[in-house]
Amino acid sequence: MSLHVAPSFAALDGNEAAARIAHLLSEVIAIYPITPASPMGELADAWSHGGKPNLWGIVPEVVEMQSEAGAAGAIHGALTAGALSTTFTASQGLLLMLPNMYKIAGELTPAVIHVAARTVATHALSIFGDHSDVMAARPTGFALLASSSVQEAQDLALVAHLATLESRVPFLHFFDGFRTSHEVSKIELLGEDTVRELVDEELIATHRIRALNPNMPAIRGTAQNPDVFFQAREAANSYYDAVPMIVSTAMDRFAEITGRRYHPFEYHGAADAETVIVLMGSGVGAVTEAVDHANAHGGKVGLVDVKLYRPFDVRGFVGSLPDTVKTAVALDRTKEPGSIGEPLYLDVVAALAEEGRECETVGGRYGLSSKELTPGMVLGVLAEVAKADRRRHFTVGIVDDLTRLSIDWDDSAWEEPDSVTRAVFYGLGSDGTVGANKNSVKIIAESTDLYAQGYFVYDSKKSGSRTVSHLRVSAEPIESTYLISKADFVGLHQFDFLTDIDVLEIAARGASILINSPYGPADLWDRLPTQAQGHILDKELEVWAIDAGAIAREAGLGGRVNTVLQTCFFHLTEFLPADEAVEAIKSHIRKTYARRGEAVVRLNETAVDNAIPGLFRVEPGGKESAHSIRPVVPDVAPEFVQRVTAMMLAGKGDLLPVSALPVDGTFPTDTARWEKRSIATEIPIWDAELCIDCGRCALVCPHAAIRFKAFPADIEVPDSFIWKEPTGSDLPGMRIAIQVAPDDCTGCTICVDVCPAKSKEIVKHKALNMEPKVEHLERERANFEFFLTLPQTDRSLVNTGSVKGTQLLDPLFEFSGACAGCGETPYLKLITQMMGDRVIVANATGCS
């Protein structure tokens, strides 16, 4: 019987869910940022900076080190001194902690490290999630405890802290990077009283007694020879043998207090299952739905959700399987080249063999670098396993046309239930879309009895790249851990997306569409591409629009259209009464922007008040549009760009087969020029009469989207192309042009800010001025194409030691994926202009 008090619910992401517990149960927290684990350290730092105490009324000391290795060393020292200490990390950051982790475990020191599991860089860097990092930590002696949801990220974080104190074995508590770490979901919070009731103060006192203390001198960390090292290493066996029971007992105690029950191995499915899938992490949600679907249609299948992966409890695992099981399918979210099979597969094979169970084991790889695992894919796995000639090892989620390991699947074999409302929002990494949608999930979760979930697809280019927010709302808890494929609501927060990709393909029949449009009711239908018009008519979509950019600018918010469109979303979906929705939005605005000052709060509230009056219904017109989705890349692009890059730019990289990708990660150069993101709402327009030819605008542009060139006066130029005579005498017989690349400009305004040439007649008018892109786009596109045909300036004719001289030379580092206004990329660009095409750039990580 549950003893817990009335539950308290809140919407938060997996990082915050784990960090809450870690901060509550720690005295020293050493941090170093790494995506996607950084928010855990940032939150802990903010809480301590704000004076938030831990469970014992003491504010944890949070210290940022110079590397993850330093963070691990710091917690090792703090633990040795008897403090309760933790850290957060992922990927290479975890690998840098391994030496200290061996020591912490070898010295049987209670500790918990929380990991947002992320891909380890191999042929390429990836910021996204899989289990390759935590699998590299298996030999350290840390226990490995896996969470598969935001709720579990909180609950099992506590179980890890409880179990490590009793067992003395340190724990690595992990959950999938991005899929769990950044998913916002409604969960039941653990209160301080609950945690206090579960924590055994005597175990903490015992930990402190074991600390190195001058009053009780001891030596720890000795050097040992072959005569004794082996024996000492074996002496810890009993501690590891006890861990599964200690974890199970902690889970039972947790269930008594909270009512939520966990087990080291959790079985779900048919009592007489013949096939069982074994996995851990966020993929559990998709497998659960697929198992239920298969059993509802006559199947006999099940799922074993592995919570405690190390130490691997052989009897506990085999005991979780129904006696009827004939085939175990181990799904690993990692790849170990050269191994007989991946880690979980090998453990399942060994466990079954040791217990004498006659059960064939099949191994599959899935989900590397956050690749999707959908219920349709899981049904494909079950279909493959049912074949007489099934593969012993396979991959799912990709098309492998080289080694032929991939299996087929059909996503149409699975449909999400109608009881779930699904919404998808397309935005930019700098327009506030993701932040607004996180707040929307919190508003729905905390202001209604509904459950809400938000997952956010980021590009590794971050600010200025396309973001896609996936929101689910339901009267029942939501376990779906994959992207939405059919949306009841589609928000298009940037109009240009309509002309770049087929965004309305995701809309379900009868869905509501909200478009941020610079065009009014009289013009919008005719400005939509034919593909969008077709979806609207064929699927009977209800289309609404608003010029959120204009409302945001009038309110003084620049390009931050989030609050305007968020208000429209609540108005159209009616999850809350109109007045309550507006008040809830304003409440979250105050929470989000209070630290930026009352003026910023008022600007956002003004945008909210002006949103609904600007909303209008779009009625289909009578004629087909003259516009169409632009080709992703032109026909003149190189073969690799047309075959591979274009698919990635179109958001269809998942469809590329294995044979399309370079085997060692070596890509051709000079491909960034083909990605025309066209994300700026305003672009710099040149006033040649004021220009003094200084070249500063081109120098500071992070993306090489402003170009400066001198060209012979006898070259014929188009009428629309602007040029001027040189100001000085250093370029005789030449003309000067400064040209914007309108589809590559990010609208950061740095070129305008740095421009020293000011008008004496017009206030704030310079040689460069930001103007609405829509008014100049077609002309500037043509002008830039012509600009690229102008001959490159002879390096021998310019002073490469001057700003002007360098900027007259073509940049060989252009159109990077850096954030708008980046301070890093202008230097790399400048180096290529100064040194030429013989430069070799060795760059570690980062946007450049």
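Details of the structure are given in the entry above.
It should be emphasised that the depicted structure is a prediction, and the values quoted were computed from it without experimental measurement. (Residues numbered from 1 in each chain as written. Predicted model: local features only at pLDDT ≥ 70, side-chain atom pairs only at ≥ 80, totals over all residues. Heavy atoms only, no water.)

Student: Which parts of the structure should I look at to understand the packing of aromatic side chains?
Tutor: For any pair of aromatic rings, geometry is given as the distance between the ring centres together with the angle between the planes. Scanning all chains against the criterion turns up 17 aromatic pairs. When the centroid spacing of 5.1 Å and the interplanar angle of 80° are considered together, the rings of F425 and F569 count as edge-to-face. Pair noted here: F425 is in strand 16 (residues 421-428) and F569 is in helix 20 (residues 562-573), with a separation of 144 residues, a long-range link. When the ring of F640 is compared with that of F667, the centres are 5.5 Å apart and the planes differ by 85°; the resulting orientation is edge-to-face. One end of the pair, F640, is in helix 23 (residues 639-649); the other, F667, is in the loop between helix 23 and strand 23 (682-686), and 27 residues separate them in sequence. A relative accessible area of 39% places F667 in the partly exposed class. (Phe/Tyr/Trp six-rings, centres within 6.5 Å; stacked < 30°, edge-to-face > 60°. Helix = DSSP H or I, 4+ residues; strand = E, 2+ residues; numbered from the N terminus. Buried < 20%, exposed > 50% of the residue type's maximum accessible area, 1.4 Å probe, protein only.)

Student: Teacher, can you tell me more about the sheet that holds strand 14 (residues 360-365) here?
Tutor: The strands making up a sheet are joined through hydrogen bonds of the backbone, oriented either antiparallel or parallel. Here we have six strands laid out as an open sheet, ordered 9-11-10-13-14-15, and mixed in their pairing. Looking at the sheet topology across the chains shown, the edges are occupied by strand 9 (265-269) and strand 15 (393-395). With direction set aside, neighbouring strand axes in the sheet form an average angle of 25°. Relative to strand 15, strand 14 runs parallel, the two sharing three bridges. Looking at strand 15, one finds that G364 is bridged to F394. Contacting strand 10 (275-279), strand 11 (301-306), strand 13 (327-332), strand 14 and strand 15, helix 13 (residues 343-354) runs over the sheet at an angle of about 150° to strand 13. (Pairing = 2+ DSSP bridges. Axes fitted to C-alpha atoms, helices over the stretch in contact; angles between N-to-C directions. Contact = heavy atoms within 4.5 Å.)

Student: When you look at the sheet that holds strand 4 (residues 85-89) in this model, what are you seeing that I'm missing?
Tutor: Read from one edge to the other, the open sheet built from seven strands follows the order 3-2-4-5-7-6-12, with strand pairing classed as mixed. Every interior strand has two partners, whereas the edge strands, strand 3 (61-64) and strand 12 (308-310), have only one. On average, each strand axis in the sheet is tilted by 20° relative to the strand beside it, whichever way the strands run.

Student: Teacher, can you tell me more about the packing of helix 6 (residues 150-167) against helix 10 (residues 237-258) here?
Tutor: Two numbers describe a pair of packed helices, the interaxial angle and the distance between the axes. In contact at an axis separation of 9 Å, helix 6 and helix 10 are set at 135° when each is read in the N-to-C sense. The angle between helix 6 and helix 10 falls in the class oblique. By crossing handedness, the relation of helix 6 to helix 10 is classed as right-handed. Contacts between helix 6 and helix 10 involve D155, L156, L158, V159, L162, A163, E166 and S167 on the former and, on the latter, Y239, V243, I246, V247, A250, M251 and F254. Along the lines of polarity and charge, the residues of the contact of helix 6 with helix 10 split into 12 nonpolar, one polar and two charged. (Parallel < 35°, antiparallel > 145°, perpendicular 65-115°, else oblique. Left-handed = near helix turned anticlockwise from the far one by under 90°. Nonpolar A, V, L, I, M, F, W, Y, C, P; charged D, E, K, R; others polar.)

Student: Sorry if this is basic, but what is going on with the pattern of salt bridges here?
Tutor: When the charged atoms of two side chains lie near each other, side chains of opposite charge can form a pair. In the structure shown here, the tally under the stated rule is 40 salt bridges. Across the salt bridge formed by D693 and K724, the nearest N and O atoms sit 2.7 Å from each other. Note that D693 is positioned in the loop between strand 23 and helix 24 (696-700) and K724 in the loop between strand 24 (706-712) and strand 25 (734-740), a separation of 31 residues in sequence. A residue is classified by how much of its surface remains accessible, and D693, at 1% relative accessible area, is buried. Among the charged side chains, a network of salt bridges with common partners joins D500, R630, D743, E778 and R781. (Salt bridge = Lys/Arg side-chain N within 4 Å of Asp/Glu carboxyl O.)

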